[in-house]
Amino acid sequence: MLKQSPTNKEIDHILKRGVALVEKEADLRRLLLEGNKGEPLRVKLGVDPTHYDLTIGHAVVFRKLRQFQKLGHKTVVVIGDWTARLGDPSGRVEARKALSAEQVAENSKTYLDQFFRIVDSEQTEVHRQTEWFDKFDLGDAIKLLGYKTVAQMLERDDFSKRYKSGIEISLAEFMYPLLQGYDSVALRSDVELGGTDQTFNLLVGRDLQPIFGQASQQILTMNLIVGLDGEKKMGKSLDNYISMTAPAKDMFGKLMSLPDKTMRTYFEALTEIDEEELDEFDRKMAEGTLNPRDVKLRMAREIVTEFHNAEAAQEGQEAFIRQFSERKLPTDIPDYHLAASQNVVELIVSAGLAASNNKARELIKQGGVSLFARGESGESERITDPNTTIEVIDGAILKVGKRQHIRIKA
RNA sequence: GGGCAGUUACCAAAGUGGACAAAUGGGACUGACUGUAAAUCAGUUGCGUAAGCUUCGAAGGUUCGAAUCCUCCACUGCCCA
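What you see is a predicted model; the values in this text were computed from it and never measured. (Residues numbered from 1 in each chain as written. Chains lettered and ligands numbered in written order. Predicted model: local features only at pLDDT ≥ 70, side-chain atom pairs only at ≥ 80, totals over all residues. Heavy atoms only, no water.)

### Considering a nonpolar patch on the surface
Working step 1: On the surface, Leu 138, Ile 142 and Leu 145 cluster together into a nonpolar patch covering about 300 Å² of accessible area.
Working step 2: Along the polypeptide, Ile 142 turns up in helix H6 (residues 138-145). (Patch = residues over 30% accessible without salt bridge, like charges linked within 9 Å, V, L, I, M, F, W, Y side chains within 5 Å. Areas by Shrake-Rupley, 256 points an atom, 1.4 Å probe, with all protein chains shown as cover. Salt bridge = Lys/Arg side-chain N within 4 Å of Asp/Glu carboxyl O. Helix = DSSP H or I, 4+ residues; strand = E, 2+ residues; numbered from the N terminus.)

Laid out in structure tokens, this is it:
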């Protein structure tokens, strides 16, 4: 049900918060006020069925969809089961294998399970590209290609970069934006969301719709959050991500390890804290009356609350302070059953704390391994000799590196 | 279709017959410092306790000896048509 007359504040929130670009803001503002002839807007999101472990970066866009839903608009999800076959547009060399229908079904399910943690499934339609593209023939495909020129395709940032630096671009990849654009036609999309990396693809949808007699969709792109390195886009391939389903404690720790400069974007993308308050944080940090650490603790708490709940966030914070501020042992050390006394190096490797004997020895040499013979209450002893034998002492804790621990069990 | 260039460790990139498990930079890891960080400093980064073993796109070959030379194959880029 379309919400009657949303406030300017609500609309601004949708149009501004965490947003990189709105194509034709005035038009979108009008749509948000009036709907599409009084009907809820169809807000589209394309989904790639090859991912299953979603990151909190994906959630940035999901949260924006949720904001639309709160005004009564409809979410329209397209599972990209056709484009997934075309090869990765992010610059990987290998073309992807076609996924079987079963794989698509399975991947989509795990995707949607995570998606619906944030987005309301009641207000969501789910479609697959194969619904319309299975009916496509060569003529349709070529016709689609005819709507764009090579020069236009090369406007896309990653294409032009790759072209200039001599990295291959498969022709099939040119289909990608076109198919994705055609999805908007097939779904009669009013608005499409995506990350800034999707800008070009979303614009293609905008261009195609009038050709098929539809009004152009509005597009809204979100600032993507950077990954744990603080520089690059969060993503699985860079291994700098926080999983949406990460345990609260883990999520908290990772959030705290983010560089200070990323805080504002994270606040804007993943929390509902007012801009005014965020401005005040910035001001006070600049004048030195507020410790950035405390702001980051707040940030981590807010975000963990979004994905879990306030209680889990609080526990995450306590565990974090305990382990890293106070440098005490963590509370949830996994048990490791030790049948007989064993050499440290072997123990470290068989417990999976190092990849090889060499690596384990290296850690020992570097002073990264200590033993708490009496558990957390006792003193720790740094192990410096790789020939040390670890006795079976029930409850003893072995610390390997900064954050790996095992508790020895008889 | 023709010509030229290239393929080296997680990534980038040197190496062009022996001193190469392979320079350098990034990343990662460990320690110190710290706010949890950033910055900085020190160290490590194929496997093996070691002797040694397996690596430089693939396979063969030349050589006492090959990342380096030859043959062939695969892949990529550029130029010409």
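### Regarding empty space enclosed by the protein
To find the voids left in a structure, one rolls a probe of water-molecule size over its atoms.
Working step 1: Throughout the structure, instances matching the rule amount to 1 cavity of 30 Å³ or more.
Working step 2: Along the walls of the largest cavity sit Arg 17, Gly 18, Val 60, Arg 63, Lys 64, Gln 67, Met 222, Glu 268 and Ala 269, which together make up its complete lining.
Working step 3: Those elements giving two or more residues to the lining of the largest cavity turn out to be helix H3 (56-70) and helix H12 (263-270).
Working step 4: In terms of residues, the lining of the largest cavity owes the most to one element, H3, which gives 4 residues.
Working step 5: Along the lines of polarity and charge, the residues of the lining of the largest cavity split into 3 nonpolar, 2 polar and 4 charged. (1 Å grid on protein atoms, 1.4 Å probe; cavity = no way out; pocket = protein on both sides within 12 Å on 5 of 7 lines; lining within 4 Å. Points joined across faces, edges and corners; volume = space filled by probe spheres on them. Nonpolar A, V, L, I, M, F, W, Y, C, P; charged D, E, K, R; others polar.)

### Comments concerning the environment of Asp 274
Working step 1: Position of Asp 274 among the secondary structure elements: in the loop between H12 and helix H13 (275-287).
Working step 2: Owing to a relative accessible area of 40%, Asp 274 belongs among the partly exposed residues under this scheme.
Working step 3: Spatially, the C-alpha atoms of Asp 274 and His 13 are 10.0 Å apart, while their sequence positions differ by 261 residues. (Buried < 20%, exposed > 50% of the residue type's maximum accessible area, 1.4 Å probe, protein only.)

### Some remarks on unusual backbone geometry
Working step 1: In this structure, Lys 37 is a non-glycine residue whose phi angle is positive, near 50°.
Working step 2: The residue Lys 37 is located in the loop between helix H2 (25-34) and strand E2 (42-47) in this model.
Working step 3: At Arg 188, a residue that is not glycine, the phi angle is positive and equals roughly 50°.
Working step 4: Here Arg 188 lies in the loop between helix H9 (171-187) and strand E5 (191-195).

### Description of the sheet that holds strand E7 (residues 335-337)
In sheet architecture, strand pairing relies on hydrogen bonds along the backbone and comes in two forms, parallel and antiparallel.
Working step 1: The 5 strands lie next to each other as E7-E13-E12-E9-E10, forming an open sheet whose pairing is mixed. Of all strands in the sheet, those with a lone pairing partner are E7 and strand E10 (381-382), marking the two edges.
Working step 2: The pairing of strand E9 (residues 369-372) with E10 spans 2 bridges and is antiparallel. Counted as the bridge partner of Ser 370 is Arg 382 from E10. (Pairing = 2+ DSSP bridges.)

### Let's talk about the domain arrangement of chain A
One widely used convention gives an interface's size as the accessible area the parts lose upon coming together.
Working step 1: In terms of domains, chain A is made up of domain 1 (8-222), domain 2 (248-325) and domain 3 (335-409).
Working step 2: Computed from C-alpha coordinates alone, the two centres of domain 1 and domain 3 are separated by 49 Å. (Domains from an automatic or database assignment.)

### Observations concerning the packing of aromatic side chains
Working step 1: One pass over the full model with this rule turns up 14 aromatic pairs.
Working step 2: Ring centres 6.0 Å apart and planes at 80° place the aromatic pair Tyr 147 and Phe 212 in the edge-to-face group. Of the two residues, Tyr 147 sits in the loop between H6 and helix H7 (150-153) while Phe 212 sits in the loop between helix H10 (199-211) and strand E6 (218-222), which places them 65 residues apart along the sequence.
Working step 3: For Phe 212, a relative accessible area of 33% gives the class partly exposed.
Working step 4: By the ring-pair criterion, three or more aromatic residues cluster together here, those being Trp 132, Phe 133, Phe 136, Tyr 147, Tyr 182 and Phe 212.
Working step 5: Above the plane of the ring of Phe 159 lies Arg 156, whose end atom (NZ or CZ) is 4.4 Å from the centre. (Phe/Tyr/Trp six-rings, centres within 6.5 Å; stacked < 30°, edge-to-face > 60°. Lys NZ or Arg CZ within 6 Å of the ring centre and 35° of its normal.)

### Re the pattern of salt bridges
Working step 1: Under the counting rule described, the total for this entry stands at 26 salt bridges.
Working step 2: One salt bridge connects Lys 16 with Glu 25, and the closest N-O pair in it is separated by 3.3 Å.
Working step 3: A relative accessible area of 47% places Lys 16 in the partly exposed class.
Working step 4: Using a relative accessible area of 30% as the deciding quantity, one classes Glu 25 as partly exposed.
Working step 5: If you follow the salt bridges from partner to partner, you end up with Arg 17, Arg 264, Glu 268, Glu 275, Asp 279 and Asp 282 in one network.

### Side note on the pairing of strand E12 (residues 397-400)
Working step 1: For E9 and E12, the ladder comprises 4 bridges, and the chain directions are antiparallel. In the strand pairing of E12, Leu 371 is matched with Leu 398.
Working step 2: In the sheet, E12 pairs with strand E13 (residues 404-409) via 4 bridges, with the strands oriented antiparallel. Bridged to Leu 398 within E13 is Ile 406.
Working step 3: Turn length for the E12-E13 hairpin, with the two strands adjacent in sequence and antiparallel, is 3 residues, and the turn residue Gly 401 shows positive phi of about 75°.

### Comments concerning the protein's contact with RNA strand B
Working step 1: As a structural note, the neighbourhood of RNA strand B is formed by 26 residues, with Met 256, Ser 325, Arg 327, Arg 361 and Glu 362 the closest of them.
Working step 2: For RNA strand B, the backbone portion of the atoms within 4 Å of the protein, that is sugar and phosphate, comes to 66%.
Working step 3: Here a sugar or linking oxygen of RNA strand B and a backbone polar atom of Ser 257 are 3.4 Å apart.
Working step 4: The contact in question runs from a sugar or linking oxygen of RNA strand B to an N or O atom on the side chain of Lys 359, over 3.4 Å.
Working step 5: Where the surface near RNA strand B is concerned, the elements lending two or more residues are helix H14 (292-307), helix H15 (310-325) and helix H17 (357-365). (Near = heavy atom within 4 Å. Polar contact = N/O pair within 3.5 Å; in protein donor to acceptor, adjacent residues only side chain to side chain.)

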